[in-house]
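If you want the building blocks of each chain, they are given just below.
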Amino acid sequence: NSFVTRTNTCGELRSAHVGQKVTLYGWVQYQRQGLFLVLRDFQGLTQVIIPQDEAHSQVKELLSNAPLESVVRVTGTVSPRPLGQENPKMPTGDIEVKAETAEILNSCKKLPFEIKDFIKKSEALRMQYRYLDLRSFRLQSSLRLRSRVVMRMREYLCNLHGFVDVETPTLFKRTPGGAKEFLVPSREAGKFYSLPQSPQQFKQLLMVGGLDRYFQVARCYRDEGARPDRQPEFTQIDIEMSFVDQAGIQRLVEGLLQHSWPEERGSIMTPFPSMTYEEALAEYGTDKPDTRFGMKIVDISDVLRGSNIHFVQNALSYPHGSIRAICIPQGVRYLTNKDLESLKESAKSQFNQEIMEIICRPDGSLKSLLTKFLGEKEQSELIQALSMQEDDVVLLAAGEHKQVCSALGALRLLSANLLEAAGLALRDPTAFHFLWVVDFPLFLPKAENPTELESAHHPFTAPHPSDASLLYSDPTKVRSQHYDLVLNGNEIGGGSIRIHSAEQQRFVLEKVLKEDSEVLSHLIEALEFGAPPHGGIALGLDRLISLIVDAPSIRDVIAFPKSFRGRDLMGNAPDYVTPEELEPYHIQVSWPLEEKEAKKN
């Protein structure tokens, strides 16, 4: 209550305050028949008794007629609630304030929706009136928790470990590879700035500059179009250190999260478990495994190798052929035939992968189109390999290793959602399972042209020391010093040890990635002036907070988010500008014919 004219907030009055005269400010949340109202502010609720005597008739009329969500000032005396009328669900439920004077500071017009968490309203409406949505307890709570976490992170990095908080430029130039960047026109004809997708180059240059330890709560920008649960502008906790290895970065981040973790969410145990990229793909079908539940992918190639099943033998004849399966516990009991068909259809449409199902009957026998091709010994080995029990359903896939694992990994998550929707508790919603994924490939084939390579992380990532020689002979086999941090199946951070040799950086850009190194000449030149070995990481703050508070979307932990199409529905951005405003930037807009007609009309 420092610096303001209230004596107390609406959430702090208790029995100890009885008899005190107080002044409260807040919004009218509820009013009942001119007898009492509930006043709300950022901290909580207080019940205010409207006076019924003639002497206070003006106060009665004013408070009785105040529209909901109007802003009012109330002065009165704290009294105990009558016996039996206490409300144990309210922190202020033992008291009430008997109003003596009141003032409506601002009346509220008809609301587009009620300011209550349990009232369903469309997300578009919430975002159009975001300033009203911000009054909800859920959003207020999430934003305040976010603030506390960031403050604790600053404390850990700057006060305890000597990091320097440095702001880096928002207007820069295009970076080769990675996500698309937003362009900003300049007054020089044909020249544009780019909004950085991360401060990657700047933080490396700070290490060349001898700053040793850098940190920033960084705003980042990616022009990724309409993607659900992504934002064109987002926030990351950006970190870089000199003279560090992968283990050092991992220890730092584990300590950072432990220090800043909200007490009400329990404690987190360190060190976090670690898994290689190949292990994650083989067992979970993804590089961001949700380790809160089992249903791991099992390799059953050896069990079926001796069978006469045509598609099995065909798959195993390829260099990277594999037969793998997942076992869905109690699948017969919890999944319908329609569910199983939708799972198979999903694998077919997304991965072009056929799926066979096997059901374990109550007597322990197997029901499947495959069983007539399998002997008793093979069936027994299959049951043992997959730890099958009564009413379990197995989904089996055969084909190229990566495709099979990716398809089964997606089915594993879809199956978990279906099981939980049917009432089987599989993932503890209060559990937080952190995991490091390491030893990623340094390069991957481009989706549009598999004969060309692109960086799996970004072009500044250093090769694994054991694979450094392969960089020049067979770059497809090189592992990187890239590490991802995963929480409950969501990537919340990624980083790497960087290339600090100008010669190696030039080779990666020009010879492997076929990029024009001239675009990065400033960075390559900087590496020639005694650049220290360095590495870092960036944690996605929006994603991390949304997982901590169990929000359905990252938009629920950002004060003013964009829609999934990248629009600001409240301010109607992006918006048109006039030709006169574009003239200094040497830009003319070429309108499609239908838009020309629409603008005329």
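Before any of the text, the structure's been laid out above.
Below you will find a few notes about this structure. Each chain has its residues counted from 1, following the order in which its sequence is written. Per-residue local features of the predicted model are confined to residues with pLDDT of at least 70, and side-chain atom pairs are confined, for both listing and counting, to 80 or more; whole-chain, interface and lining totals are unaffected and use all residues. To get the side-chain values, all heavy atoms of the structure are used, and hydrogens and water are removed first.

Attention now goes to the sheet that holds strand 21 (residues 490-497). For two strands to pair, DSSP has to find at least two bridges joining them. Where helices and strands are cited, they refer to DSSP runs of H or I of at least four residues and of E of at least two residues respectively, numbered from the N terminus. Here eight strands make up an open sheet; going across it, the order is 6-9-10-22-21-20-17-11 and the pairing mixed. Strands with a single pairing partner mark the edges of an open sheet, and in this sheet they are strand 6 (164-165) and strand 11 (274-276). Across two bridges, the pairing between strand 6 and strand 9 (residues 213-221) is parallel. Paired with Asp-165 across the strands is Phe-215, a residue of strand 9. Whether two residues are in contact is decided by their heavy atoms, any of which lying within 4.5 Å being enough. Axes here refer to lines fitted to C-alpha atoms; in helices the fit is confined to the stretch in contact. Angles between the N-to-C directions go from 0 to 180 degrees. Against the sheet, helix 17 (residues 541-548) touches strand 10 (233-242), strand 20 (482-487), strand 21 and strand 22 (534-540), its axis set at about 140° to strand 21.

Two aromatic rings from Phe, Tyr or Trp, using only the six-membered ring of Trp, form a pair when their centres are within 6.5 Å; if the ring planes differ by under 30 degrees the pair is stacked, by over 60 it is edge-to-face, and anything between is tilted. Enumeration according to the criterion identifies 10 aromatic pairs in this entry. Ring plane angle 70° and centroid distance 5.6 Å describe the contact between Trp-261 and Phe-434, whose orientation is recorded as edge-to-face. With a gap of 173 residues between them, Trp-261 in the loop between helix 6 (246-260) and strand 11 and Phe-434 in strand 17 (residues 434-438) connect regions that are remote in the sequence. Seen in terms of ring centroids, Phe-272 and Phe-434 are 4.4 Å apart; in terms of plane orientation they differ by 5°. Their pairing is stacked. Of this pair, Phe-272 sits in the loop between helix 6 and strand 11 while Phe-434 is found in strand 17, placing the two residues 162 residues apart along the sequence. Each residue gets one of three labels from its accessible area relative to the maximum for its type: buried under 20%, exposed over 50%, partly exposed in between, using a 1.4 Å probe on protein chains only. Residue Phe-434 is classed as buried on the basis of its relative accessible area of 5%. Through a chain of ring-to-ring contacts, the aromatic side chains of Trp-261, Phe-272, Phe-432 and Phe-434 assemble into a single cluster. Positioned above the aromatic ring of Phe-293 is the side chain of Arg-412, whose terminal nitrogen or guanidinium carbon lies 3.8 Å from the ring centre. We count a charge as sitting over a ring when the NZ of a lysine or the CZ of an arginine lies within 6 Å of the ring centre and within 35 degrees of the ring normal. Lying over the aromatic face of Phe-293, Arg-427 brings its terminal NZ or CZ to 5.5 Å of the ring centre.

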